[in-house]
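# Close look at the chain arrangement
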Amino acid sequence: MKVYKFGGTSVGTPDRMKEVCRLITEDGEQKVVVLSAMSGTTNSLVEIADYFRKGNPEGASNMVNALRRQYHQHVPQLHDTEEMRERTIKMLDDIFLQLHDFRGREFSDADEKVILSKGEIMSTNMVTNYLKEIGVKACLLPALEYMRLDYNGEPDVAFIRERLNDLLESNPGYDIYITQGFICRNADGAIDNLQRGGSDYTASLIGAAIRADEIQIWTDIDGMHNNDPRFVEGTTPVRQLNFEEAAELAYFGAKILHPTCVQPARYAGVPVRLKNTMEPSAPGTLINNDLQEGCIKAVAAKDNITSIKIVSSRMFLASGFMCKVFNVFDKYKTSIDMITTSEVGVSLSIDNTSHLATIVDELKELGTVLVDEKMCIICVVGDLRWSNKGFKSLATAALRDIPVRMISYGGSDHNISFLVSMSDKKRALRALQTQLFSKPS
Ligand code: ADP
Ligand code: ASP
Ligand code: MG
(Lines give C-alpha, C1' and ligand atoms only; values in the text may rest on other atoms or scores of the structure.)
(Ligands and ions follow the chains in the order given, each with its own letter.)
Protein backbone atom coordinates (compact mmCIF):
# COMPACT_ATOMS: atom_id res chain seq x y z
CA MET A 1 0.00 0.00 0.00
CA LYS A 2 1.17 3.57 -0.69
CA VAL A 3 0.85 6.61 1.53
CA TYR A 4 -0.04 9.94 -0.12
CA LYS A 5 0.21 13.28 1.66
CA PHE A 6 -1.34 16.51 0.38
CA GLY A 7 -0.31 19.87 1.82
CA GLY A 8 -2.42 22.93 2.54
CA THR A 9 -2.33 24.41 -0.97
CA SER A 10 -3.27 21.06 -2.50
CA VAL A 11 -6.51 21.05 -0.49
CA GLY A 12 -6.83 24.86 -0.41
CA THR A 13 -10.18 25.16 -2.23
CA PRO A 14 -13.12 22.82 -2.93
CA ASP A 15 -11.89 22.48 -6.52
CA ARG A 16 -8.44 21.47 -5.33
CA MET A 17 -10.00 18.96 -2.94
CA LYS A 18 -11.90 17.44 -5.86
CA GLU A 19 -8.72 17.28 -7.90
CA VAL A 20 -7.00 15.47 -5.00
CA CYS A 21 -9.88 12.99 -4.93
CA ARG A 22 -9.47 12.39 -8.65
CA LEU A 23 -5.73 11.81 -8.18
CA ILE A 24 -6.09 9.33 -5.33
CA THR A 25 -8.81 7.29 -6.99
CA GLU A 26 -7.73 7.17 -10.64
CA ASP A 27 -5.45 4.10 -10.37
CA GLY A 28 -7.95 2.16 -8.26
CA GLU A 29 -5.25 1.19 -5.74
CA GLN A 30 -5.92 1.14 -2.02
CA LYS A 31 -4.02 3.90 -0.19
CA VAL A 32 -3.69 5.89 3.00
CA VAL A 33 -4.08 9.61 2.34
CA VAL A 34 -2.77 12.18 4.82
CA LEU A 35 -4.22 15.69 4.55
CA SER A 36 -3.12 19.04 5.93
CA ALA A 37 -5.55 21.76 6.86
CA MET A 38 -6.74 24.02 4.00
CA SER A 39 -3.99 26.60 3.43
CA GLY A 40 -4.18 29.54 5.81
CA THR A 41 -6.41 27.72 8.31
CA THR A 42 -3.71 26.76 10.81
CA ASN A 43 -2.42 30.35 10.75
CA SER A 44 -5.95 31.60 11.50
CA LEU A 45 -6.27 29.10 14.34
CA VAL A 46 -2.95 30.29 15.79
CA GLU A 47 -4.36 33.84 15.72
CA ILE A 48 -7.61 32.77 17.36
CA ALA A 49 -5.67 31.07 20.15
CA ASP A 50 -3.57 34.21 20.50
CA TYR A 51 -6.67 36.35 21.03
CA PHE A 52 -7.91 33.97 23.74
CA ARG A 53 -4.49 33.93 25.38
CA LYS A 54 -4.39 37.72 25.41
CA GLY A 55 -7.79 37.82 27.11
CA ASN A 56 -9.61 39.23 24.05
CA PRO A 57 -12.50 36.79 23.46
CA GLU A 58 -14.21 39.30 21.17
CA GLY A 59 -11.18 39.34 18.84
CA ALA A 60 -11.22 35.53 18.88
CA SER A 61 -14.97 35.41 18.19
CA ASN A 62 -14.66 37.74 15.22
CA MET A 63 -11.99 35.52 13.72
CA VAL A 64 -13.94 32.34 14.39
CA ASN A 65 -16.97 33.86 12.65
CA ALA A 66 -14.88 34.97 9.67
CA LEU A 67 -13.41 31.47 9.35
CA ARG A 68 -16.89 29.95 9.67
CA ARG A 69 -18.20 32.17 6.84
CA GLN A 70 -15.27 31.11 4.66
CA TYR A 71 -15.89 27.41 5.30
CA HIS A 72 -19.63 27.77 4.77
CA GLN A 73 -18.91 29.21 1.31
CA HIS A 74 -16.91 26.09 0.45
CA VAL A 75 -19.77 23.68 1.16
CA PRO A 76 -22.04 24.32 -1.88
CA GLN A 77 -18.93 24.28 -4.09
CA LEU A 78 -17.87 20.92 -2.68
CA HIS A 79 -21.13 18.99 -2.54
CA ASP A 80 -23.92 18.45 -5.05
CA THR A 81 -26.37 16.73 -2.73
CA GLU A 82 -28.36 18.45 0.00
CA GLU A 83 -27.76 15.52 2.34
CA MET A 84 -23.96 15.85 2.18
CA ARG A 85 -24.13 19.64 2.43
CA GLU A 86 -26.09 19.30 5.64
CA ARG A 87 -23.72 16.69 6.99
CA THR A 88 -20.64 18.82 6.28
CA ILE A 89 -22.25 22.00 7.63
CA LYS A 90 -23.12 20.18 10.86
CA MET A 91 -19.57 18.86 11.23
CA LEU A 92 -18.15 22.37 10.65
CA ASP A 93 -20.61 24.11 12.96
CA ASP A 94 -19.88 21.68 15.80
CA ILE A 95 -16.22 22.65 15.47
CA PHE A 96 -16.89 26.40 15.30
CA LEU A 97 -19.08 26.11 18.41
CA GLN A 98 -16.21 24.36 20.20
CA LEU A 99 -13.89 27.19 19.13
CA HIS A 100 -16.26 29.82 20.57
CA ASP A 101 -16.40 27.82 23.80
CA PHE A 102 -12.89 28.78 24.92
CA ARG A 103 -14.10 32.23 25.98
CA GLY A 104 -14.63 33.05 29.63
CA ARG A 105 -12.02 30.73 31.07
CA GLU A 106 -8.31 30.53 31.80
CA PHE A 107 -6.48 29.77 28.54
CA SER A 108 -3.65 27.21 28.53
CA ASP A 109 -1.09 25.76 26.10
CA ALA A 110 -3.20 22.60 26.01
CA ASP A 111 -6.19 24.68 24.83
CA GLU A 112 -4.09 26.13 22.02
CA LYS A 113 -3.23 22.63 20.81
CA VAL A 114 -6.90 21.65 20.80
CA ILE A 115 -7.66 24.75 18.69
CA LEU A 116 -4.80 24.01 16.26
CA SER A 117 -6.06 20.47 15.71
CA LYS A 118 -9.31 21.67 14.12
CA GLY A 119 -7.90 22.56 10.68
CA GLU A 120 -6.94 19.01 9.79
CA ILE A 121 -10.13 17.63 11.36
CA MET A 122 -12.22 19.89 9.08
CA SER A 123 -10.30 19.21 5.86
CA THR A 124 -10.27 15.42 6.30
CA ASN A 125 -13.99 15.31 7.08
CA MET A 126 -14.78 17.47 4.05
CA VAL A 127 -12.73 15.27 1.70
CA THR A 128 -14.11 12.04 3.18
CA ASN A 129 -17.67 13.33 2.79
CA TYR A 130 -16.97 14.30 -0.82
CA LEU A 131 -15.48 10.87 -1.59
CA LYS A 132 -18.54 9.19 -0.11
CA GLU A 133 -20.79 11.49 -2.11
CA ILE A 134 -19.16 10.39 -5.38
CA GLY A 135 -19.40 6.74 -4.38
CA VAL A 136 -15.84 5.96 -3.30
CA LYS A 137 -15.43 3.55 -0.39
CA ALA A 138 -13.63 5.96 1.92
CA CYS A 139 -12.84 5.54 5.61
CA LEU A 140 -11.68 8.30 7.96
CA LEU A 141 -8.94 7.11 10.33
CA PRO A 142 -8.80 9.57 13.26
CA ALA A 143 -5.12 10.42 13.84
CA LEU A 144 -5.90 11.08 17.50
CA GLU A 145 -6.54 7.35 17.90
CA TYR A 146 -3.10 6.19 16.77
CA MET A 147 -0.60 9.07 16.43
CA ARG A 148 1.08 9.56 19.77
CA LEU A 149 4.15 11.09 21.39
CA ASP A 150 6.15 9.49 24.21
CA TYR A 151 7.29 11.24 27.39
CA ASN A 152 10.28 12.74 25.52
CA GLY A 153 7.93 14.37 23.02
CA GLU A 154 9.08 11.97 20.28
CA PRO A 155 6.69 9.79 18.25
CA ASP A 156 5.91 6.57 20.13
CA VAL A 157 6.76 4.38 17.14
CA ALA A 158 5.70 1.04 18.69
CA PHE A 159 2.33 2.43 19.79
CA ILE A 160 1.71 4.06 16.40
CA ARG A 161 2.55 0.84 14.54
CA GLU A 162 0.32 -1.32 16.70
CA ARG A 163 -2.69 1.01 16.84
CA LEU A 164 -2.61 1.99 13.19
CA ASN A 165 -2.33 -1.58 11.96
CA ASP A 166 -5.17 -2.58 14.32
CA LEU A 167 -7.32 0.24 12.98
CA LEU A 168 -6.64 -0.78 9.38
CA GLU A 169 -7.40 -4.42 10.14
CA SER A 170 -10.64 -3.60 11.89
CA ASN A 171 -11.75 -1.44 8.93
CA PRO A 172 -11.08 -3.73 5.96
CA GLY A 173 -12.24 -3.35 2.39
CA TYR A 174 -12.03 0.40 1.90
CA ASP A 175 -10.43 1.91 -1.20
CA ILE A 176 -9.16 5.05 0.50
CA TYR A 177 -8.19 5.67 4.12
CA ILE A 178 -8.15 9.40 4.86
CA THR A 179 -6.33 10.67 7.94
CA GLN A 180 -5.16 13.92 9.51
CA GLY A 181 -1.57 15.09 9.25
CA PHE A 182 0.09 17.13 11.99
CA ILE A 183 -2.15 16.21 14.94
CA CYS A 184 -1.48 13.63 17.63
CA ARG A 185 -1.80 13.00 21.36
CA ASN A 186 0.95 13.34 23.92
CA ALA A 187 1.97 10.62 26.35
CA ASP A 188 -0.78 11.72 28.77
CA GLY A 189 -3.42 11.47 26.07
CA ALA A 190 -3.92 15.22 25.59
CA ILE A 191 -4.16 16.66 22.07
CA ASP A 192 -0.80 17.74 20.69
CA ASN A 193 0.89 18.20 17.33
CA LEU A 194 4.04 17.40 15.38
CA GLN A 195 5.02 21.10 14.97
CA ARG A 196 4.13 23.42 12.12
CA GLY A 197 4.49 21.75 8.74
CA GLY A 198 4.38 18.36 10.51
CA SER A 199 1.97 16.61 8.15
CA ASP A 200 4.98 15.40 6.16
CA TYR A 201 6.18 13.75 9.37
CA THR A 202 2.78 12.07 9.84
CA ALA A 203 3.04 10.59 6.34
CA SER A 204 6.53 9.31 6.97
CA LEU A 205 5.59 7.79 10.34
CA ILE A 206 2.59 6.07 8.75
CA GLY A 207 4.68 4.85 5.82
CA ALA A 208 7.16 3.30 8.25
CA ALA A 209 4.43 1.87 10.51
CA ILE A 210 2.63 0.03 7.72
CA ARG A 211 5.81 -0.71 5.72
CA ALA A 212 4.34 1.13 2.75
CA ASP A 213 5.64 0.57 -0.78
CA GLU A 214 6.15 4.31 -1.16
CA ILE A 215 5.37 7.62 0.53
CA GLN A 216 4.29 10.37 -1.85
CA ILE A 217 4.40 13.97 -0.65
CA TRP A 218 2.20 16.02 -2.98
CA THR A 219 2.66 19.78 -2.92
CA ASP A 220 2.61 22.87 -5.13
CA ILE A 221 5.95 22.37 -6.89
CA ASP A 222 7.42 19.62 -9.07
CA GLY A 223 9.81 18.13 -6.54
CA MET A 224 12.90 19.28 -4.69
CA HIS A 225 14.55 22.06 -6.70
CA ASN A 226 18.29 22.55 -6.85
CA ASN A 227 17.95 25.87 -5.01
CA ASP A 228 15.28 27.78 -3.09
CA PRO A 229 12.74 28.89 -5.73
CA ARG A 230 11.52 31.65 -3.41
CA PHE A 231 14.83 33.48 -3.79
CA VAL A 232 16.50 32.18 -6.92
CA GLU A 233 15.21 32.24 -10.49
CA GLY A 234 15.78 29.37 -12.88
CA THR A 235 15.91 26.58 -10.31
CA THR A 236 15.19 23.09 -11.65
CA PRO A 237 13.83 19.91 -10.07
CA VAL A 238 16.26 17.28 -8.83
CA ARG A 239 15.11 13.86 -10.04
CA GLN A 240 16.70 11.73 -7.32
CA LEU A 241 18.12 12.25 -3.84
CA ASN A 242 19.71 9.95 -1.35
CA PHE A 243 17.90 9.87 2.05
CA GLU A 244 20.84 11.63 3.67
CA GLU A 245 20.95 14.34 1.03
CA ALA A 246 17.21 14.91 1.45
CA ALA A 247 17.55 15.03 5.24
CA GLU A 248 20.32 17.64 5.01
CA LEU A 249 18.30 19.78 2.59
CA ALA A 250 15.15 19.56 4.71
CA TYR A 251 17.04 20.38 7.89
CA PHE A 252 18.86 23.27 6.28
CA GLY A 253 15.81 25.03 4.95
CA ALA A 254 14.31 23.34 1.87
CA LYS A 255 10.72 23.97 2.98
CA ILE A 256 9.24 21.38 0.65
CA LEU A 257 10.08 18.72 3.25
CA HIS A 258 9.66 18.99 7.01
CA PRO A 259 13.07 18.44 8.66
CA THR A 260 11.95 15.42 10.66
CA CYS A 261 10.17 13.73 7.79
CA VAL A 262 13.04 11.80 6.20
CA GLN A 263 14.12 9.74 9.23
CA PRO A 264 11.18 7.29 9.69
CA ALA A 265 11.04 6.53 5.95
CA ARG A 266 14.78 6.04 5.79
CA TYR A 267 14.91 3.65 8.76
CA ALA A 268 12.05 1.62 7.33
CA GLY A 269 13.60 1.72 3.85
CA VAL A 270 10.45 3.20 2.29
CA PRO A 271 11.16 5.44 -0.74
CA VAL A 272 9.70 8.94 -0.70
CA ARG A 273 8.48 10.66 -3.86
CA LEU A 274 7.83 14.40 -4.04
CA LYS A 275 5.08 15.23 -6.53
CA ASN A 276 3.24 18.29 -7.82
CA THR A 277 -0.55 18.40 -7.40
CA MET A 278 -0.74 21.15 -10.03
CA GLU A 279 1.20 19.04 -12.54
CA PRO A 280 0.66 15.37 -11.64
CA SER A 281 2.41 14.00 -14.70
CA ALA A 282 5.74 15.69 -13.80
CA PRO A 283 8.18 13.06 -12.48
CA GLY A 284 9.02 14.94 -9.27
CA THR A 285 11.84 13.77 -6.99
CA LEU A 286 12.50 10.25 -5.78
CA ILE A 287 14.28 9.88 -2.42
CA ASN A 288 15.82 6.49 -1.75
CA ASN A 289 19.08 4.77 -0.76
CA ASP A 290 20.83 5.28 -4.12
CA LEU A 291 23.69 7.73 -4.34
CA GLN A 292 24.46 9.44 -7.61
CA GLU A 293 28.20 9.57 -7.42
CA GLY A 294 30.16 12.77 -7.97
CA CYS A 295 27.12 14.97 -8.21
CA ILE A 296 26.17 18.17 -6.40
CA LYS A 297 22.41 18.10 -6.00
CA ALA A 298 21.09 21.26 -4.37
CA VAL A 299 21.57 24.29 -2.17
CA ALA A 300 19.39 25.33 0.77
CA ALA A 301 19.46 28.09 3.36
CA LYS A 302 18.44 28.27 7.00
CA ASP A 303 17.76 31.71 8.49
CA ASN A 304 17.93 33.25 11.94
CA ILE A 305 21.11 31.56 13.00
CA THR A 306 23.31 32.92 15.78
CA SER A 307 27.03 32.26 15.85
CA ILE A 308 29.05 32.19 19.04
CA LYS A 309 32.82 32.35 19.11
CA ILE A 310 34.74 31.44 22.27
CA VAL A 311 38.40 32.41 22.22
CA SER A 312 40.69 31.23 24.98
CA SER A 313 44.42 30.79 25.29
CA ARG A 314 43.55 28.08 27.82
CA MET A 315 42.32 25.95 24.94
CA PHE A 316 45.81 25.69 23.47
CA LEU A 317 47.10 22.15 24.10
CA ALA A 318 44.51 21.66 26.89
CA SER A 319 42.17 18.69 27.05
CA GLY A 320 38.59 18.96 28.26
CA PHE A 321 37.96 22.49 26.94
CA MET A 322 35.56 21.39 24.25
CA CYS A 323 33.70 19.20 26.71
CA LYS A 324 33.12 22.19 28.98
CA VAL A 325 31.81 24.22 26.05
CA PHE A 326 29.42 21.47 24.95
CA ASN A 327 28.19 20.96 28.51
CA VAL A 328 26.93 24.54 28.60
CA PHE A 329 24.81 23.97 25.45
CA ASP A 330 23.64 20.60 26.71
CA LYS A 331 22.56 22.09 30.03
CA TYR A 332 20.20 24.46 28.18
CA LYS A 333 19.05 21.84 25.66
CA THR A 334 20.34 23.98 22.80
CA SER A 335 21.55 22.02 19.82
CA ILE A 336 24.50 23.11 17.74
CA ASP A 337 24.30 23.15 13.92
CA MET A 338 27.78 24.11 12.73
CA ILE A 339 31.11 24.00 14.49
CA THR A 340 34.63 25.06 13.52
CA THR A 341 37.73 25.04 15.70
CA SER A 342 41.26 26.38 15.80
CA GLU A 343 44.07 26.16 18.32
CA VAL A 344 42.74 29.07 20.32
CA GLY A 345 39.05 29.20 19.70
CA VAL A 346 35.86 27.54 18.68
CA SER A 347 32.90 28.91 16.70
CA LEU A 348 29.44 27.37 16.92
CA SER A 349 26.08 28.15 15.44
CA ILE A 350 22.66 27.68 17.04
CA ASP A 351 19.12 28.44 15.92
CA ASN A 352 17.33 28.27 19.26
CA THR A 353 18.23 31.45 21.12
CA SER A 354 15.80 31.11 24.02
CA HIS A 355 18.72 30.62 26.46
CA LEU A 356 21.30 32.71 24.61
CA ALA A 357 21.96 35.22 27.40
CA THR A 358 22.54 32.52 30.04
CA ILE A 359 24.66 30.43 27.68
CA VAL A 360 26.86 33.43 26.84
CA ASP A 361 27.15 34.24 30.54
CA GLU A 362 28.41 30.77 31.37
CA LEU A 363 30.73 30.60 28.35
CA LYS A 364 32.43 33.76 29.59
CA GLU A 365 33.92 31.61 32.35
CA LEU A 366 35.77 29.72 29.59
CA GLY A 367 36.98 32.54 27.33
CA THR A 368 36.13 35.70 25.45
CA VAL A 369 32.73 35.35 23.82
CA LEU A 370 31.62 37.04 20.58
CA VAL A 371 28.07 36.73 19.27
CA ASP A 372 26.84 37.41 15.72
CA GLU A 373 23.10 37.38 15.15
CA LYS A 374 20.93 37.33 12.02
CA MET A 375 23.18 34.86 10.27
CA CYS A 376 22.23 32.24 7.70
CA ILE A 377 23.55 28.75 6.97
CA ILE A 378 23.98 28.10 3.27
CA CYS A 379 24.22 24.39 2.72
CA VAL A 380 25.50 22.73 -0.46
CA VAL A 381 24.38 19.10 -0.69
CA GLY A 382 25.49 16.20 -2.84
CA ASP A 383 28.15 13.51 -3.04
CA LEU A 384 30.80 15.47 -1.14
CA ARG A 385 33.06 12.67 0.03
CA TRP A 386 36.55 13.99 0.65
CA SER A 387 38.00 11.97 -2.19
CA ASN A 388 35.87 13.92 -4.69
CA LYS A 389 38.06 16.70 -5.95
CA GLY A 390 36.98 20.15 -7.09
CA PHE A 391 33.51 20.54 -5.55
CA LYS A 392 34.68 22.26 -2.38
CA SER A 393 36.67 24.83 -4.30
CA LEU A 394 33.79 25.35 -6.75
CA ALA A 395 31.39 26.19 -3.91
CA THR A 396 33.92 28.38 -2.16
CA ALA A 397 34.76 30.21 -5.37
CA ALA A 398 31.08 31.07 -5.87
CA LEU A 399 31.15 32.98 -2.60
CA ARG A 400 34.28 34.94 -3.42
CA ASP A 401 32.52 38.31 -3.06
CA ILE A 402 30.55 37.45 0.07
CA PRO A 403 31.90 37.66 3.63
CA VAL A 404 31.82 34.13 5.11
CA ARG A 405 31.82 33.80 8.91
CA MET A 406 32.28 29.98 9.14
CA ILE A 407 32.86 27.03 6.78
CA SER A 408 32.04 23.50 7.87
CA TYR A 409 33.00 20.45 5.84
CA GLY A 410 33.77 16.82 6.59
CA GLY A 411 31.11 16.23 9.23
CA SER A 412 29.07 14.29 6.71
CA ASP A 413 29.76 12.96 3.22
CA HIS A 414 26.93 15.03 1.84
CA ASN A 415 27.31 18.62 2.84
CA ILE A 416 29.46 21.70 2.95
CA SER A 417 28.02 24.60 4.93
CA PHE A 418 28.81 28.30 4.92
CA LEU A 419 27.67 30.78 7.53
CA VAL A 420 26.98 34.20 6.05
CA SER A 421 25.00 37.24 7.13
CA MET A 422 21.26 36.98 6.41
CA SER A 423 21.54 40.16 4.36
CA ASP A 424 23.85 38.26 1.97
CA LYS A 425 21.62 35.19 1.69
CA LYS A 426 20.03 35.89 -1.69
CA ARG A 427 23.33 36.93 -3.20
CA ALA A 428 24.99 33.77 -1.91
CA LEU A 429 22.21 31.47 -3.16
CA ARG A 430 22.24 33.11 -6.61
CA ALA A 431 26.03 32.98 -6.87
CA LEU A 432 25.99 29.28 -6.02
CA GLN A 433 23.24 28.66 -8.56
CA THR A 434 25.30 30.22 -11.32
CA GLN A 435 28.51 28.49 -10.31
CA LEU A 436 27.15 25.02 -9.59
CA PHE A 437 24.19 24.55 -11.91
CA SER A 438 24.39 26.88 -14.90
CA LYS A 439 25.47 24.98 -17.94
CA PRO A 440 28.37 26.67 -19.75
CA SER A 441 27.07 28.25 -22.98
P1 ADP B 1 2.79 22.10 1.68
O2 ADP B 1 1.81 23.12 2.17
O3 ADP B 1 2.29 21.28 0.53
O4 ADP B 1 3.39 21.29 2.79
P5 ADP B 1 5.12 23.81 1.65
O6 ADP B 1 4.79 25.25 1.45
O7 ADP B 1 5.42 23.36 3.03
O8 ADP B 1 3.96 22.94 1.00
O9 ADP B 1 6.37 23.39 0.72
C10 ADP B 1 6.40 23.69 -0.66
C11 ADP B 1 7.15 24.99 -0.90
O12 ADP B 1 8.52 24.79 -0.51
C13 ADP B 1 7.27 25.37 -2.35
O14 ADP B 1 6.14 26.11 -2.76
C15 ADP B 1 8.56 26.19 -2.40
O16 ADP B 1 8.31 27.56 -2.38
C17 ADP B 1 9.27 25.85 -1.08
N18 ADP B 1 10.65 25.42 -1.26
C19 ADP B 1 11.72 25.89 -0.57
N20 ADP B 1 12.85 25.32 -0.99
C21 ADP B 1 12.52 24.43 -1.96
C22 ADP B 1 13.25 23.55 -2.79
N23 ADP B 1 14.58 23.42 -2.69
N24 ADP B 1 12.57 22.83 -3.70
C25 ADP B 1 11.23 22.93 -3.82
N26 ADP B 1 10.48 23.75 -3.06
C27 ADP B 1 11.10 24.50 -2.14
N1 ASP C 1 -1.52 22.49 9.04
C2 ASP C 1 -0.23 22.43 9.69
C3 ASP C 1 0.55 23.70 9.41
O4 ASP C 1 0.07 24.58 8.70
C5 ASP C 1 0.56 21.21 9.35
C6 ASP C 1 0.96 21.08 7.88
O7 ASP C 1 0.39 21.72 7.00
O8 ASP C 1 1.86 20.28 7.62
O9 ASP C 1 1.61 23.85 9.95
MG1 MG D 1 4.95 21.66 4.16
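Residues numbered from 1 in each chain as written. Chains lettered and ligands numbered in written order. Predicted model: local features only at pLDDT ≥ 70, side-chain atom pairs only at ≥ 80, totals over all residues. Heavy atoms only, no water.

### Considerations on the site of ligand 2
Threshold: One heavy atom within 4 Å of a molecule or strand makes the whole residue count as near it. By the criterion applied in these results, polar contacts are pairs of N or O atoms within 3.5 Å in which, for protein atoms, one can donate a hydrogen and the other can accept it, and in which residues neighboring in sequence qualify only through two side-chain atoms. Residues were grouped as follows: Ala, Val, Leu, Ile, Met, Phe, Trp, Tyr, Cys and Pro as nonpolar; Asp, Glu, Lys and Arg as charged; and all remaining residues, including Gly, as polar.
As a matter of local geometry, ligand 2 sits amid Ser36, Ala37, Thr42, Glu120, Phe182, Arg196, Gly197, Gly198 and Ser199. Separating an oxygen atom of ligand 2 from a side-chain N or O atom of Ser36 is a distance of 3.1 Å. One of the backbone nitrogen or oxygen atoms of Gly198 is found 3.4 Å away from an oxygen atom of ligand 2. A breakdown of the residues in the shell around ligand 2 according to their chemical character gives 2 nonpolar, 5 polar and 2 charged.

### Observations concerning the packing of helix α3 (residues 57-78) against helix α4 (residues 82-100)
If you want to describe how two helices pack, look at the angle between their axes and the distance between the axes. To be explicit about the condition: Axis definition: a line fit to C-alpha positions, over the contact stretch in the case of helices; interaxial angles, taken between N-to-C directions, run 0 to 180 degrees. Each helix is a run of DSSP H or I of at least 4 residues and each strand a run of E of at least 2, with the numbering of both proceeding from the N terminus. For classification, angles of less than 35 degrees are called roughly parallel, those exceeding 145 degrees roughly antiparallel, those between 65 and 115 degrees roughly perpendicular, and all remaining angles oblique. What makes two residues a contact is simply this: any of their non-hydrogen atoms within 4.5 Å.
Close contact between α3 and α4 brings their axes to 10 Å; oriented N to C, the two are set at 170°. Between α3 and α4, the angle is such that the two are roughly antiparallel. Along the contact surface, α3 presents Ser61, Val64, Asn65, Leu67, Arg68, Tyr71, His72, Val75 and Pro76, while α4 presents Arg85, Thr88, Ile89, Leu92, Asp93, Phe96, Leu99 and His100. Residues that form the contact of α3 with α4 fall into these classes: 9 nonpolar, 5 polar and 3 charged.

### A short note on the side chain of Ser117
Relative to the helices and strands, Ser117 resides in the loop between α5 (109-116) and α6 (118-133). Separated by 2.6 Å, the side chain of Ser117 and the backbone oxygen of Val114 make a polar contact. Look past the residues within four positions of Ser117 in its chain and what remains in contact with it is Ile183 and Ile191.

### Quick notes on the nonpolar core
Note the threshold: Nonpolar core, defined: a set of buried Ala, Val, Leu, Ile, Met, Phe, Trp, Tyr and Cys residues in which side-chain atoms within 4.5 Å join the residues together. Whether a residue is buried, partly exposed or exposed follows from its accessible area with a 1.4 Å probe, protein chains only, as a fraction of its type maximum: under 20%, in between, or over 50%, in that order.
Counting 103 residues, the largest nonpolar core has Val3, Phe6, Ile24, Leu131, Tyr146, Ile206 and Leu257 as the members making the most contacts within it. When residues no more than four places from it in sequence are discounted, the contact partners of Leu131 are Cys21, Ile24, Thr25, Val136, Ala138, Ile176 and Ile178. Among the nonpolar cores identified, the runner-up in size contains 20 residues, and Ile296, Phe391, Ala395 and Ala428 belong to it.

### Here we look at the pairing of strand β7 (residues 214-219)
Quick reminder of the rule: Note on pairing: two strands pair once DSSP finds at least 2 bridges between them.
Along β7, 6 of the 6 residues are buried, which leaves the element largely enclosed by surrounding structure. Every second residue of β7 is oriented toward a common face, with Glu214, Gln216 and Trp218 on one face and Ile215, Ile217 and Thr219 on the other, all of them buried. Strand direction decides the pairing type here: strand β1 (residues 2-6) and β7, joined by 5 bridges, are parallel. Its bridge partner lying in β7, Val3 is registered against Ile215.

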